[in-house]
Amino acid sequence: MDAASGTPALTWTPILPVLARHTRVIAYGRAGLGVSDPAAPLTIGSRIDDLAALVSPEGDGPCVVVGHSWGGMPAQLVAWTHPNLIAGLVLVDPAHEDFQPGTIRAAESALALPSALRRAVGSAERPRRAQAVREADRRSDDPHVRSLLVEAELACDAQAHQRRTGAAESRLLRSRAVAVRRLRTRSQLPDVPVLVLSASQGLPKGMRARWTSLQARIAATAVRGEHMVVPEAGHYIHESRPEAVTAAVRTVVDLARRSGLPR
């Protein structure tokens, strides 16, 4: 499970307990995100190599890879370049090299400014902890798990390189869009179940329609692809509609098992 740009693996918490009862789950934090070490250098190739190493056949066999937003890009790249490692794909509102609206980048920068200012004057700790508590309350009903989530969230947020990595990943996809587009054109997703989920809220109507259409094309290029728009779901579908994502992952895992693949 590969998370969005600038987002630690903790984002998957709402769906991990259900999935862990069904299959083995690895929530993966790319280099530079969460408390993982920074990537040096950060390239498309390094993102492919890292994820490929994680799901290498030295383990139990090919894996179902779940990618959200930017994390959906390495999932697709590995599926194109190392198809033997992929038992199935679930792409949750995945990034696409042809959808990079400048207005969203500007909005993200504006939203990040107050936090940056609070850090600069040393007044960020209390708001950060309050936000971490709210996130933990939303993600789990277990008091012990909530406590662990708060401390983990604060540990991740304290890593300055996580914020730098998020910005660097956005720049990377923009600068390498032509290369990714070329790879998409000449590549084929493996003959495995591929389920692409699109959000339905959180963007102006025209932008949302454009992104959804690109996501539908991803599914259309797969031999066994399916595209679903999730009603009342924001970009973080696994938080606004967790049952939709757990159902999608379980479906793809079950289909992979029926094909004789262990995961």
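The structure displayed is predicted, hence computed values, not measured ones.

Calculation criteria
- Residues numbered from 1 in each chain as written.
- Predicted model: local features only at pLDDT ≥ 70, side-chain atom pairs only at ≥ 80, totals over all residues.
- Heavy atoms only, no water.
- Helix = DSSP H or I, 4+ residues; strand = E, 2+ residues; numbered from the N terminus.
- Buried < 20%, exposed > 50% of the residue type's maximum accessible area, 1.4 Å probe, protein only.
- Contact = heavy atoms within 4.5 Å.
- Areas by Shrake-Rupley, 256 points an atom, 1.4 Å probe, with all protein chains shown as cover.
- Arc of directions from axis to C-beta.
- Core = buried A, V, L, I, M, F, W, Y, C linked by side-chain atoms within 4.5 Å.

A. Just the overall build of the protein, in detail. Looking only at helices and strands, one finds 11 helices and four strands in the protein. Taken over 263 residues, the protein has a buried fraction of 46%. In the protein, of all internal contacts separated by at least 6 residues, the share reaching a separation of at least 24 is 74%. Entry remark: accessible area of the protein is about 12,500 Å², with carbon and sulfur atoms responsible for 56%.

B. Focus on helix α8 (residues 177-186). Those residues of α8 that sit buried are Ala177, Val180, Leu183 and Arg184. Considered in projection along α8, the buried side chains sweep an arc of 130 degrees and stay on one side of the axis. Opposite the packed face of α8, turned more than 90 degrees from it, sit the exposed residues Val178, Thr185 and Arg186.

C. How the structure looks around the nonpolar core. Membership of the largest hydrophobic core comes to 31 residues, with the highest contact counts inside it found for Val65, Leu77, Ile86, Leu89, Leu189 and Val194. In terms of residue count, the dominant contributor to this core is helix α3 (residues 72-81) (six residues). Not counting the four nearest positions on each side in its chain, Leu89 is found in contact with Val65, Ala75, Ala79, Leu189, Pro193, Val194, Leu195 and Val252.

D. Local environment of the environment of Thr246. Mapped onto the elements, Thr246 comes out in helix α11 (residues 242-258). You can call Thr246 buried: its relative accessible area is 10%. Here the alpha-carbon distance between Thr246 and Val18, two residues 228 residues apart in the chain, equals 7.2 Å. Those residues within four positions of Thr246 in sequence are excluded, and the remaining contacts are Ile15, Val18 and Leu19.

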